[in-house]
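Now for the letters of each chain:
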Amino acid sequence: MTVPFPDARHGARRELHRDQPGREGIEAELVSRLTAGLGSESTRRSLVRCLDGELSGQAALMQLLLAGTSVTALRELVDEITARADADSRAGDSLVRDRADALTRLFVENEAACARAAARLARAEEPRASTDEPAADEVTYYERLFEQLVTREA
């Protein structure tokens, strides 16, 4: 699938927001523990990027739906991330846990709409965010597509 935003070859990325300088190693370790063994490599990569702060929850869910993840499988992934985050709570890991909680809330609030979007995606050849202006980066593109296919359908 082609993604219509500038410099797609180089993966336009947003700045990561960390809770404290030097926390990257601790956060990366937690993200790795939370996502170890979950789904396919592309599924895991989307979850890692979301929990690491590189992708919003909307963008991550949209990537997972576009990859053909069923809503049932998506619920299982989100439930497992939530359970792992609850079981692996340590002081200082709050930002990653907050991202996991936000992903869970977003999915739960939009589960039925995600199911409808998954059905639409299964029928569509190549979905595109409908807007007059191109997305500035990858995250914006997936957020717009989520808004179009999931949020507006709710």
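Our structure is the block above this text.
Keep in mind that what you see is a predicted model, and the values were worked out from it rather than measured. (Residues numbered from 1 in each chain as written. Predicted model: local features only at pLDDT ≥ 70, side-chain atom pairs only at ≥ 80, totals over all residues. Heavy atoms only, no water.)

Trainee: When you look at the overall build of the protein in this model, what are you seeing that I'm missing?
Mentor: In terms of helices and strands, the protein carries seven helices and zero strands. Each helix and strand of the protein, placed in order from N terminus to C terminus, yields the pattern α-α-α-α-α-α-α. Each of the 154 residues in the protein was classed as buried or not, and the buried ones make up 42%. Intrachain contacts of the protein at a sequence separation of at least 6 include 72% that bridge at least 24 residues. As presented, the protein carries roughly 8100 Å² of accessible surface, and 48% of it is formed by carbon and sulfur atoms. (Helix = DSSP H or I, 4+ residues; strand = E, 2+ residues; numbered from the N terminus. Buried < 20%, exposed > 50% of the residue type's maximum accessible area, 1.4 Å probe, protein only. Contact = heavy atoms within 4.5 Å. Areas by Shrake-Rupley, 256 points an atom, 1.4 Å probe, with all protein chains shown as cover.)

Trainee: Any chance you could explain helix H3 (residues 57–66) here in plain terms?
Mentor: Every α-helical turn comprises 3.6 residues, leaving residues that sit three or four positions apart pointing alike. With eight of ten residues buried, H3 is to be regarded as a mostly interior element. Three or more residues of H3 are buried, namely Gly-57, Ala-59, Ala-60, Leu-61, Met-62, Gln-63, Leu-64 and Leu-65. Summarising the contacts, the buried residues of H3 are in contact with helix H2 (41–51), helix H4 (71–87), helix H5 (94–109), helix H6 (111–123) and helix H7 (138–151).

Trainee: Even after reading the chapter, I still don't get the packing of H3 against H6, so can you show me in this structure?
Mentor: Axis angle and axis distance: for two packed helices, these are the angle between their axes and the distance between the axes, and together they describe the pair. Running from amino to carboxyl end, H3 crosses H6 at an angle of 40 degrees, the nearest separation of the two axes being 10 Å. By the angle between their axes, H3 is oblique relative to H6. Judged by the twist between their axes, the crossing of H3 over H6 is right-handed. For the pair H3 and H6, contact is made by Met-62, Leu-65 and Leu-66 and by Cys-114, Ala-117, Ala-118 and Leu-121, respectively. (Axes fitted to C-alpha atoms, helices over the stretch in contact; angles between N-to-C directions. Parallel < 35°, antiparallel > 145°, perpendicular 65-115°, else oblique. Left-handed = near helix turned anticlockwise from the far one by under 90°.)

Trainee: How should I be thinking about the nonpolar core in this particular structure?
Mentor: Generally speaking, a soluble globular protein has its nonpolar side chains buried in company with each other. If you look at the biggest cluster of nonpolar residues, it comprises 37 residues, and the most contacted ones within it are Met-62, Leu-65 and Val-150. At the level of secondary structure, the elements contributing two or more residues to this core comprise helix H1 (24–35), H2, H3, H4, H5, H6 and H7. With residues near it in sequence (within four places) discarded, Val-150 still touches Leu-65, Asn-110, Ala-113, Cys-114, Ala-117 and Leu-145. (Core = buried A, V, L, I, M, F, W, Y, C linked by side-chain atoms within 4.5 Å.)

Trainee: Hey, could you run me through the packing of aromatic side chains in this one?
Mentor: Given two aromatic rings, their pairing is described by the distance between the two centres and the angle made by the two planes. For the structure shown, the criterion picks out one aromatic pair. Here Tyr-141 and Tyr-142 contribute two aromatic rings whose centre-to-centre distance is 5.3 Å and whose plane-to-plane angle is 75 degrees, an arrangement assigned as edge-to-face. By the burial criterion, Tyr-141 is buried, and Tyr-142 matches it. (Phe/Tyr/Trp six-rings, centres within 6.5 Å; stacked < 30°, edge-to-face > 60°.)

Trainee: Teacher, can you tell me more about the environment of Met-62 here?
Mentor: Note that Met-62 resides in helix H3. Taking the relative accessible area as the measure of exposure, Met-62 reaches 0% and is therefore buried. Between the alpha carbons of Met-62 and Ser-46 there is a distance of 9.6 Å; along the sequence they are 16 residues apart. Beyond its immediate chain neighbours, meaning those up to four positions away, Met-62 contacts Leu-121, Tyr-142, Leu-145, Phe-146 and Leu-149.

Trainee: Just to check I follow, could you spell out the pattern of salt bridges for this structure?
Mentor: Pairing between side chains becomes possible if they bear opposite charge and their charged atoms approach one another. One pass over the full model with this rule turns up seven salt bridges. Taking the shortest distance from any N to any O, the salt bridge between Glu-138 and Arg-49 comes out at 2.6 Å. Residue Glu-138 is located in helix H7, and its partner Arg-49 is located in helix H2; the two are separated by 89 residues in the primary sequence. As far as the burial class goes, Glu-138 and Arg-49 line up, both buried. In this structure, Asp-79 engages Arg-75 in a salt bridge whose closest nitrogen and oxygen atoms are separated by 3.1 Å. (Salt bridge = Lys/Arg side-chain N within 4 Å of Asp/Glu carboxyl O.)

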